[in-house]
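For reference, the chains in residue letters:
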Amino acid sequence: MKKIRLISAVVIYIAYIISVNVITRYETPVMSTDTAISETTVYSEEQPEITTTYMTVTSKTETSPYENRPAFLCDDEGSFPEGFYDDLTEIIERYPHFKEYDISVVYSDIETGFTVMINPDKHYYSASVIKAPYMLYIYELAEKGLTDISQTVVYKEEYKKGGTGVIRDMEPETEFSIEELIGYSLERSDNTAFFMLKNIYPEDDYRRYMWSIGIRHNEDLNNQICCESAMITAKEIYRFIGEKNAYSENLLRHMTSTLHPMIYAGENSVIARKYGWYLGYFHDMAIIYDERPYILAVMTDFKTLEIGETEYQLYKDISALFYTYSDRLYSEETDKTINIYTTD
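First, a word on scope: everything that follows refers to the structure included in this document. (Residues numbered from 1 in each chain as written. Predicted model: local features only at pLDDT ≥ 70, side-chain atom pairs only at ≥ 80, totals over all residues. Heavy atoms only, no water.)

**Side note on the side chain of Ser 128**
Next, step 1: Its place among the elements puts Ser 128 in the loop between strand S5 (124-125) and helix H4 (131-143).
Next, step 2: What makes Ser 128 buried here is its relative accessible area of 11%.
Next, step 3: Excluding its chain neighbours within four sequence positions, the residues that come into contact with Ser 128 are Ser 189, Asn 191, Lys 274, Tyr 275, Gly 276 and Trp 277. (Helix = DSSP H or I, 4+ residues; strand = E, 2+ residues; numbered from the N terminus. Buried < 20%, exposed > 50% of the residue type's maximum accessible area, 1.4 Å probe, protein only. Contact = heavy atoms within 4.5 Å.)

**Considerations on helix H9 (residues 248-255)**
Next, step 1: Counting buried residues along H9, 6 of its 8 residues qualify, which places the element largely inside the surrounding structure.
Next, step 2: For H9, the full list of buried residues reads Ser 248, Asn 250, Leu 251, Leu 252, His 254 and Met 255.
Next, step 3: Elements in contact with the buried residues of H9: H4, helix H5 (178-187), helix H8 (227-242), strand S9 (270-278) and strand S10 (281-289).

**Some remarks on the nonpolar core**
Next, step 1: Grouped together as the largest cluster of nonpolar side chains are 55 residues, with contacts concentrated most on Ile 138, Ile 237 and Leu 251.
Next, step 2: Among the secondary structure elements, those contributing two or more residues to this core are H4, H5, helix H6 (191-200), helix H7 (203-212), H8, H9, S10 and strand S11 (294-301).
Next, step 3: Ranked by residue count, the leading element in this core is H4, at 9 residues.
Next, step 4: What Ile 138 contacts, discounting residues up to four positions off in sequence, is Thr 147, Ile 149, Ile 178, Ile 182, Leu 197 and Tyr 201.
Next, step 5: The next biggest cluster of nonpolar side chains, apart from the first, holds 37 residues, and it includes Tyr 107, Val 116, Leu 329 and Ile 340. (Core = buried A, V, L, I, M, F, W, Y, C linked by side-chain atoms within 4.5 Å.)

Shown next, in the form of structure tokens:
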């Protein structure tokens, strides 16, 4: 009996020593709970084990709040071209927005499907970005002969909506074709035009369409958006435009004539895009037609921050980063996806 008690005491003591070492080693958590994978994120059951790599920010001053903190973590260090990590780290270090607010980015090389997602588990109110897939849905119906976009709709006073747009200031009883309302929705982000179209093409049918193209997050079937949903939507728009059907040119023309450009590319690049801005939700989703066409979407929740020149510059810097590396930012492995998580 004494031997059993002695052995038990030794086991308890060893367990205590191990626990102290573990706690001491990890007393500062690497990630906050905000960056944990959400329960709503869809992953394959056969997802391979991920090796995480931490990129450490070099402190500029002794008082930097980010001293010895990881700038981001990535699930595949070896797939980026030389210099990309350093440039991305510099952007994350320069803008406190990555620590104080929610920012997600998705880049996807259209030819190979090579995709980079920054904070892919976050979902955002989509604001007016939703108008792009909604107009795609209407054009798909027209292409299949299920609707006539030359038919006219009469503007009524009760259709008037606040926010962006010009139709609300027009005289009631003004007539618009469906095609004209699509143009106003995409180019001017007209909320009244969008409301008039939703009266004709109900949201329930639109949600079923979104499911059919691969949107699987319930949030994103209900006016939210994340990296994966933005990528799927943009690729469907790219496919539709590339078909060169009777409505492809219309969609391309509208999406290259939008207001408030935030995502940029090269001087000769053609950008089809749709922005969204409601309170702190400040987004842009774009297809960049360049030597290697790619998709870039940036989604943010700046909460109560007054959005100004700094936030537009953040978009420009993210745009420049991915444009600079777009000729090398792809993989021979089809549809490879790399996830990056910024830290608090």
